[in-house]
Amino acid sequence: DKEFEIDFIDFDTNDFGVGTSSFELQGDVAILNGDLGSSTYRQVQYLIEQHPEVRIIHFNEVLGSVNDEVNVETGRLIRKAGFTTRVGATSIVASGGVDLFMAGKKRIYTFGGQLGVHSWANPGAGMFADELPRDHPAHQFQIDYFNEMMPNGADFYFFTLQAAPFDDIHFMTSAELEGWGISTE
């Protein structure tokens, strides 16, 4: 087992949106923990370049993202590389963690794992996603991403907005997990 965190010379760790993510390698599995951010993107790049044996990213405790724009790009990187994403029976994955989990070319969900979703907001700008009309341009970024990741992506995105406000979380029920096709297995 190896755990790695990557520091980069061109990377200021005091910047907003870095995150606390780390990966532990176990054979062909990389176990992901922490908050997602720009460091996660660099870590996934490192996995692709330096550990081609890794085919599965196991989401252990991933409670969200501190940089949604980078998180979406990390998801695209995961999808392009063909990784399988997996949530185990004791995993807790929420918010941006669910967004990233959805990037798996194959997605494995094990009963008991918790997947939590909610709306987003920019309170300083007075913008609350669940209050914006569906055709508001602020939604398009996430709609595009979810449409790339799943057949009913836009509908799933709007479900997350209504499931819980930005300062709360809704853990998806078994029926919701099945109905949205969260697992592709």
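Residues numbered from 1 in each chain as written. Predicted model: local features only at pLDDT ≥ 70, side-chain atom pairs only at ≥ 80, totals over all residues. Heavy atoms only, no water.

A separate point is unusual backbone geometry. The residue Ser95 is not glycine, and still its phi comes out positive at about 55°. Among the secondary structure elements, Ser95 is positioned in the loop between β5 (84-94) and α3 (96-101). Taking the relative accessible area as the measure of exposure, Ser95 reaches 22% and is therefore partly exposed. (Helix = DSSP H or I, 4+ residues; strand = E, 2+ residues; numbered from the N terminus. Buried < 20%, exposed > 50% of the residue type's maximum accessible area, 1.4 Å probe, protein only.)

For the pair helix α4 (residues 140-149) and helix α5 (residues 153-163), interaxial distance at closest approach is 7 Å and the crossing angle is 125°. With respect to α5, the axis of α4 lies oblique. Crossing hand, α4 versus α5: right-handed. Contacts between α4 and α5 involve Gln142, Ile143, Phe146 and Asn147 on the former and, on the latter, Gly153, Ala154, Phe156, Tyr157 and Phe158. The residue makeup of the contact of α4 with α5, split by class, is 6 nonpolar, 3 polar and no charged. (Axes fitted to C-alpha atoms, helices over the stretch in contact; angles between N-to-C directions. Parallel < 35°, antiparallel > 145°, perpendicular 65-115°, else oblique. Left-handed = near helix turned anticlockwise from the far one by under 90°. Contact = heavy atoms within 4.5 Å. Nonpolar A, V, L, I, M, F, W, Y, C, P; charged D, E, K, R; others polar.)

Enumeration according to the criterion identifies 9 aromatic pairs in this entry. With 5.4 Å between their ring centres and 75° between their planes, Tyr145 and Phe146 make a pair best called edge-to-face. For the pair formed by Tyr145 and Phe146, the shared burial category is buried. On the basis of an interplanar angle of 65° and a centroid distance of 5.5 Å, the ring pair of Phe146 and Phe156 is categorised as edge-to-face. Residue Phe146 is found in helix α4, and its partner Phe156 is found in helix α5; the two are separated by 10 residues along the sequence. Here the aromatic cluster, defined as three or more aromatic residues joined through ring pairs, consists of Tyr145, Phe146, Phe156, Tyr157, Phe158, Phe159 and Trp180. The ring of Phe83 carries Arg55 above its face, with NZ or CZ at 5.2 Å from the centroid. (Phe/Tyr/Trp six-rings, centres within 6.5 Å; stacked < 30°, edge-to-face > 60°. Lys NZ or Arg CZ within 6 Å of the ring centre and 35° of its normal.)

Glancing now at the confidence of the model for the protein chain. Per-residue confidence for the protein chain gives a mean pLDDT of 91; residues scoring 70 or more make up 91%. Note that pLDDT drops below 50 for residues 4-14; the model gives that stretch 20 contacts with residues more than four away or on any other chain. (pLDDT = per-residue confidence, 0-100.)

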